[in-house]
Each structure stands twice: as structure tokens, then as C-alpha cells.
Amino acid sequence: MKWSQYFIPTIKEVPAGTEAASHRLLLRAGLVHMLTSGVYSYLPLGLRVLGKISEIIRKEMNAAGAHELLMPALQPLDVWQKTGRDKTLAEVMIQFNTKRGTAMCLGPTHEEIITDLVKAFVHSYRQLPVTLYQIQTKFRDETRPRFGVVRACEFIMKDAYSFDTSMAGLQKNYDAMFQAYKNIFARCGLDPVIAEADSGAMGGRVSHEFLVPAPIGEDKVKAADGTEQQCIEVGHIFQLGTKYSEALGALYVDEQGKQHPLIMGCYGIGVSRLLATIIEVHHDEKGIVWPLAVAPFSVEILPLQTTDPQVMSLAQSYYDELTKSGIDVLMDDRDESAGFKFNDADLVGIPLRIVIGKRSLAQGAVEIRSRSCAASETVACENVLARIKSLMSQ
Ligand code: ATP
Ligand code: MG
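About the cut-offs
Residues numbered from 1 in each chain as written. Chains lettered and ligands numbered in written order. Predicted model: local features only at pLDDT ≥ 70, side-chain atom pairs only at ≥ 80, totals over all residues. Near = placed C-beta within 6 Å. Helix = DSSP H or I, 4+ residues; strand = E, 2+ residues; numbered from the N terminus. Nonpolar A, V, L, I, M, F, W, Y, C, P; charged D, E, K, R; others polar. Domains from an automatic or database assignment. Axes fitted to C-alpha atoms, helices over the stretch in contact; angles between N-to-C directions. Parallel < 35°, antiparallel > 145°, perpendicular 65-115°, else oblique. Left-handed = near helix turned anticlockwise from the far one by under 90°. Contact = placed C-beta atoms within 7 Å.

## A closer look at the site of ligand 1
Thought 1: Among the 15 residues in the neighbourhood of ligand 1, the closest are listed as F155, H236, G268, G270 and R273.
Thought 2: Counting only elements with at least two residues in the shell around ligand 1, the list comes to β8 (154-164), β12 (228-241), β15 (263-270) and α8 (271-281).
Thought 3: Ranked by the residues each element gives to the shell around ligand 1, the list is headed by β12, at 4 residues.
Thought 4: Per-class residue counts for the shell around ligand 1 are 4 nonpolar, 6 polar and 5 charged.

Below is the structure:
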């Protein structure tokens, strides 16, 4: 991608009313835009990161044997009335009537909807176990939307649901999800504390929260030394049991022909909250410092003199070769000063940077810089691609 033709509306000033570093950086680096309190657009750069996070999640979910589907956000309230959660979740649920007078809501979560769906297709122990997941938009009328996309009223969640015939089966699925969650967060550059939690409005017994230590965290966790740590909840998994299947009549027949309610688990990750949490953990005073796996681009090519044909032709040849190798490259081809472009590069936080300037080029060299460390190295022009590939595999 060429910066001059792309859409990265970076902002120099610190936006007013932003309490969290991640919120400031998401706005300043041109990743999100607020429509109204708690409601955000994801701009091209922000969407690229959401895409990277979602792909990591999909790989791990699929490897754990879960299958992706997509359920509606628009839901009839009568499904929720069967479990009584139209009342217990009334405070966060956005409810309304259609023109024809049907009571509807925008889904704050999907236990009822998935149970209703599975009930339509699964009737026998032979079809079980099954785990389904989606990456989808949720709506919650949060009392206090805060910290940008950390606590929003419209947000993206990955939610998975497992269906089993026995508690042992549920435990097996739960353990697989537990491990998948550890893998997902590690690949996103996060090291969450895992805490046994209260199942709250979900019902059920066993539940674990994945909590990332950060100053803006709204969850308090006791650390090993007894002190309290502020954490952001990025994931939550539950053993639900039969609460939803009983209420909605989602039954299967066993080998003896006897009917039982399905035994369920549910597993959530705040995908859009992860976007902010990763920045909360990975930034410095100049901007974002993306971990490679979730960075919107892996490499930024920064030619210093955009009117110099030699500089630009080398920049273009790196751009073409890296792109051909399947590496995501952003080239800052804007005719701006070096200082201006360096500031934007630090703000946007692409992990690796190739700086091409007339002076070092006269010596047959360019500069390679990693966003995560101050040092830069001078590399002979012909060794640049090999060096970038080796840095990317570290
Ligand atoms: P919280 O305690 O932060 O309000 P929750 O326990 O209500 O969250 P869950 O129902 O467990 O949330 O949802 C699964 C995941 O979705 C959470 O772990 C979190 O990462 C994310 N999430 C929940 N609410 C929001 C929100 N308002 N904005 C962004 N992400 C959210
Ligand atoms: Mg939770």
C-alpha cells in the first residue's frame, strides 16, 4: 500500500476527553473514529488489525474443532423470554418494536439464539459433540461507555458454544477452549492472568476470565504477592450446563432412546477490546509498537527524497519484492519532511522500517530500524530483503 493513496488520517494533537493511552493512540494513528458515545467506525488501518486478530482466533478455534457460522444481531424478543433474560439483561439490552408490533432486540450475546438454532438440527447423540463460533457485532447499552473501544455499546465479539452429552465431554471441550485462548492471547502479544470467576448472569458453575494487567483495567485481581492489580477482561469462558437447553427445549436422544437436555459451554473474546488492549500493553511515548503478528503492515518503506529517481526506484523494487513474498508493506511515498514522516511512522507503529536516503545510498546502503528498539542498522542494499525476512522470523 502507498501511503499517499491510502486513508490514514493521523492526528497530531491529543484528542480531548481521552483517559486511556490506547484510546488516544487509536484516534491519533487513524485506526478508529467515534460516531457517538460508545459507537465507533474502524478505519482501514484499524480494520486490518481486527482482521489479523480475527485470523489468529479463527486458526485456533478451527484447530480446537470449532466451526464458524454467523448469526443475526437482530433478534425476536420471544426467544429471550423463554429464559427470562429479556428481564435480567434488560438494562444492557437494546429493545424495540417493529412497525408490525413485533418485540425485537439487538443481541448483547447469543446463548439463546444458538440454542434455538442447534435445537432445529441436533436431535441425536450421534450428532454430538459440536462446537460452533462466530465473530460478530454485539450491542450493549452500557451505562458508562469508556476508554474508546474497551467498553463500547457496539463491539465485536468472538463467541463460541459447545454442546455435549456428558459433563466429561463438556470438560474436554472446555479444556480445549482454555488452551486455544492461551494460544490466541500469546499470539496477540498478551500474557493474561487467568482467574476463576463468578458466572453472573450466564448461570452455570465453572468459569474462567482472561485478564490483561493494564492501568485502565476495570477488573481487580489479586497478584501472587497479595497486591491488587488492575486488569482488562479480554476473554471469559463458562461451563453453562443445561440452563439454556432446558429453557428452550434443546434435547437429544441417547443410545437407549431417552431424551436429555444438551450440556453447554460458552466462550467469549472481546475482539475489538483486544485491539485497544494490545495497544495499552504495546506503546511508548511516541506511539504504537505493534507486535508483528497483529500489525496492520509488517514493513514500512520510508524513502526520504521522493523526488529522487534512484531513491524511489529502490523503494519501489523493495515494495514489489516484499509484496511478492506475501509480506504486508506500507510505503510512505508522501512528499513530506523526514521528521514529519518519522513521527507518523512512530505513531502508527509498523514493526520494521526501511529508510532509504540519498546519503547512505551513495555508499550502497540503507537503514533498517525496528519500532521496538531504538537502535538501527546499516545494511547493504542487496542484503535488505534477506535481513527483513530474518528479522521477521525471529
Ligand atoms: P465486562 O465485565 O467487561 O462488562 P462482561 O463480563 O459483561 O464484560 P462477557 O459477557 O463475558 O462480558 O463478554 C465476553 C467478552 O466480550 C468480554 O470478556 C470482553 O472482552 C468483551 N466485552 C464485553 N463487553 C464489552 C463492551 N461493552 N465493549 C467491548 N468489549 C466487551
Ligand atoms: Mg465476562
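## What about the domain arrangement of the protein chain?
Thought 1: Split by domain assignment, the protein chain resolves into domain 1 (3-287) and domain 2 (297-393).
Thought 2: Between the C-alpha centres of domain 1 and domain 2 there is a distance of 38 Å.
Thought 3: For the side of domain 1 that touches domain 2, a count of residues per class yields 3 nonpolar, 3 polar and 2 charged.

## Some remarks on the packing of helix α2 (residues 44-63) against helix α6 (residues 167-187)
Thought 1: Where α2 contacts α6, the two axes come as close as 9 Å, and the packing angle between them is 155°. Judged on the interaxial angle alone, α6 and α2 are roughly antiparallel. In the packing of α2 onto α6, the handedness of the crossing is right-handed. Residues I56, I57, E60 and M61 of α2 form the contact with α6, whose own contacting residues are A180, N183, I184 and R187.
Thought 2: Its residues assigned to classes, the contact of α2 with α6 comprises 5 nonpolar, 1 polar and 2 charged.

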